[in-house]
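# Structure at a glance
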Amino acid sequence: MPNSWIDFLPTLLKGAEITVLVAFFSAVLAIAMSFAAGLSRLSKLWIVRTVTAVYVEIFRGTSLLVQLFWLYFALPFIGIELPKMLAAILAIGFNFGAYGSEIVRSAVLAVPKGQWEASVALNMKPWQRMWNVILPQASLRMLPPFGNQLVELIKSTSLVYFITMADLTYQAMVLRNNYISWTTEILVLLLLMYFVIATLVSMAVRLLERKWTTGRL
């Protein structure tokens, strides 16, 4: 029997390491998909817009938990077996990438029309206009909503518990089942650890936003 709640920390920290890894790689994928899909929604080619719209609507219109189950439990029936970590990263990354694409699209469209016209007048190529003029201005508008999305993404990693991945939630539930009398302490620790991780991410985003804003004044 544990002597105090501190005895639970090593096990929970081991789970927190998995949670942070899943969150980090999912966030990288989500941001990449956000920009790819967000900019594709603005393409002049209807086929690109259509394919992207299908991706966005499917992943926004269905449950993340169902997507996770589908990738991990359903794909093996057609001969595709994904490791737990990869299934978790793909499900969370594609799901939040679909939501993030709307952040990118709306931020780009929010750039004043005069900026677009000025870049055209300077005879810039389309990719030069986007990279050098539009995206630097749009990115500042994206930071606050992306910060919120990252916090939601971190909380969503708890769903990997359902594919028996040994994340923070999984480890907490194992401890709870083994030490029923310590349920309150274990769940309080679980809550606090998610809160600390999310708070650190929020602080990092706010710091980045402050530095970015200062650099543009």
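Computed from a predicted structure; not experimentally measured.

Reading the values: the criteria
Numbers given for residues are sequential positions, taken from 1 along each chain in its written order. Only residues with pLDDT of at least 70 get local features here, since the model is predicted, and only at 80 or more are side-chain atom pairs given and counted; chain-wide, interface and lining totals rely on the full set of residues. Hydrogens and water are ignored here; the side-chain numbers use all heavy atoms of the structure. Secondary structure elements are taken from DSSP: a helix is a run of H or I of four residues or more, a strand is a run of E of two residues or more, and numbering for both begins at the N terminus. What makes two residues a contact is simply this: any of their non-hydrogen atoms within 4.5 Å. In short, Shrake-Rupley with a 1.4 Å probe defines the accessible areas, and a residue's cover is counted only from the protein chains shown. Each aromatic pair joins two rings of Phe, Tyr and Trp (for Trp, the six-membered one) with centres within 6.5 Å, and gets the label stacked for planes under 30 degrees apart, edge-to-face for over 60, and tilted for any other angle. Note on exposure labels: buried denotes an accessible area under 20% of the residue type's maximum, exposed denotes more than 50%, and partly exposed covers the range between, all computed with a 1.4 Å probe on protein chains only. Fitted lines through C-alpha atoms serve as axes, helices being fitted only where they are in contact, and the angles separating the N-to-C directions of these axes extend from 0 to 180 degrees. Each angle is binned into one of four classes, with values under 35 degrees roughly parallel, values over 145 roughly antiparallel, values of 65 to 115 roughly perpendicular, and all other values oblique. Left-handed is the label given to a crossing in which the near helix is rotated counterclockwise from the far helix by less than a right angle, and right-handed is the label when the rotation is clockwise. Only Asp, Glu, Lys and Arg are considered charged in this grouping, and only Ala, Val, Leu, Ile, Met, Phe, Trp, Tyr, Cys and Pro are considered nonpolar; every other residue, Gly among them, is considered polar. To form a nonpolar core, buried Ala, Val, Leu, Ile, Met, Phe, Trp, Tyr and Cys residues must be joined to one another through side-chain atoms within 4.5 Å. UniProt positions are given in the numbering used here, feature names are shortened, and annotations may be inferred rather than shown by experiment. Whenever a carboxyl oxygen of Asp or Glu lies within 4 Å of a side-chain nitrogen of Lys or Arg, that contact is scored as a salt bridge. In this analysis, a patch consists of residues with relative accessible area above 30% that form no salt bridge, clustered at 9 Å for like charges and at 5 Å for the nonpolar side chains Val, Leu, Ile, Met, Phe, Trp and Tyr.

### Re the overall build of the chain
Tallying secondary structure elements over the chain gives 8 helices and 0 strands in all. Helices and strands in the chain line up, N terminus first, as α-α-α-α-α-α-α-α. Its C-alpha atoms give the chain principal-axis dimensions of roughly 75 × 50 × 20 Å. For the chain, contacts bridging at least 24 residues in sequence account for 75% of all contacts bridging at least 6. On the chain, roughly 12400 Å² of surface is accessible, and the fraction owed to carbon and sulfur atoms is 69%.

### Points about the packing of aromatic side chains
Here the structure, examined in full by the defined rule, presents 11 aromatic pairs. Between Tyr55 and Phe94, the aromatic rings sit 6.1 Å apart at their centres with planes inclined by 80°, giving edge-to-face as the arrangement. Of this pair, Tyr55 sits in helix H2 (residues 46–61) while Phe94 is found in helix H4 (residues 84–109), placing the two residues 39 residues apart along the sequence. Among the residues examined, Phe94 registers a relative accessible area of 24% and is labelled partly exposed. Aromatic pair Tyr72 and Phe73: ring centres 5.0 Å apart, planes at 75°, arrangement edge-to-face. Pairwise contacts between aromatic rings join Phe8, Tyr179 and Trp182 into one cluster.

### Some thoughts on the packing of helix H1 (residues 9–40) against helix H6 (residues 126–156)
Contact pair H1 / H6: the axes reach a minimum separation of 11 Å and the direction vectors enclose 140°. In terms of orientation, H1 and H6 fall into the oblique class. The chirality of how H1 crosses H6 is right-handed. Along the contact surface, H1 presents Ala23, Ser26, Ala27, Ala30, Ser34, Phe35 and Leu39, while H6 presents Met130, Leu135, Met142, Phe146, Leu150, Leu153 and Ile154. For the contact of H1 with H6, a count of residues per class yields 12 nonpolar, 2 polar and no charged.

### So, the environment of Thr169
When you line up the elements, Thr169 lands in helix H7 (residues 168–178). Counting along the chain gives 22 residues from Thr169 to Leu191, while the straight-line C-alpha distance between them is 9.5 Å. Filtering out sequence-adjacent residues up to four positions away, Thr169 remains in contact with Ser158, Tyr161, Leu190 and Tyr194.

### With respect to the nonpolar core
One finds Phe8, Leu12, Ile92, Leu153, Val160 and Leu168 to be the most contacted residues of the largest nonpolar core, which totals 34 residues. Look past the residues within four positions of Leu153 in its chain and what remains in contact with it is Ala23, Ser26, Ala27, Ala30, Ile92 and Phe96. Ile103, Val104, Met130 and Ile134 belong to the second-largest nonpolar core, a separate cluster that totals 12 residues.

### Focus on the UniProt feature "transmembrane region" (unreviewed entry) in the chain
Mapped onto the present numbering, the UniProt feature "transmembrane region" (unreviewed entry) falls at residues 20–39, 51–73, 85–104 and 186–208. Taken end to end, residues 20–39 has its terminal C-alpha atoms 28 Å apart, with 100% of it in helix and 0% in strand. End C-alpha atoms of residues 85–104 are separated by 27 Å, and the span's content is 100% helix alongside 0% strand.

### Structural notes on the pattern of salt bridges
For the structure on display, the rule yields 4 salt bridges. Glu102 is the partner of Arg105 in a salt bridge, and the nearest nitrogen-oxygen pair spans 2.9 Å. On the criterion of helical spacing, the pair formed by Arg105 and Glu102 is a turn pair, its members being 3 residues apart in helix H4. On the basis of relative accessibility, which here comes to 24%, the residue Arg105 falls in the partly exposed class.

### A look at unusual backbone geometry
Here the phi dihedral of Thr164 falls at roughly 55°; this positive angle occurs in a residue that is not glycine. By secondary structure assignment, the location of Thr164 is in the loop between H6 and H7. For Thr164, a relative accessible area of 43% puts it in the partly exposed group.

### With respect to a nonpolar patch on the surface
On the surface, Val188, Leu191, Leu192, Phe195, Val196, Leu200 and Met203 cluster together into a nonpolar patch covering about 690 Å² of accessible area. Relative to the elements of secondary structure, Val196 occurs in helix H8 (residues 183–216).

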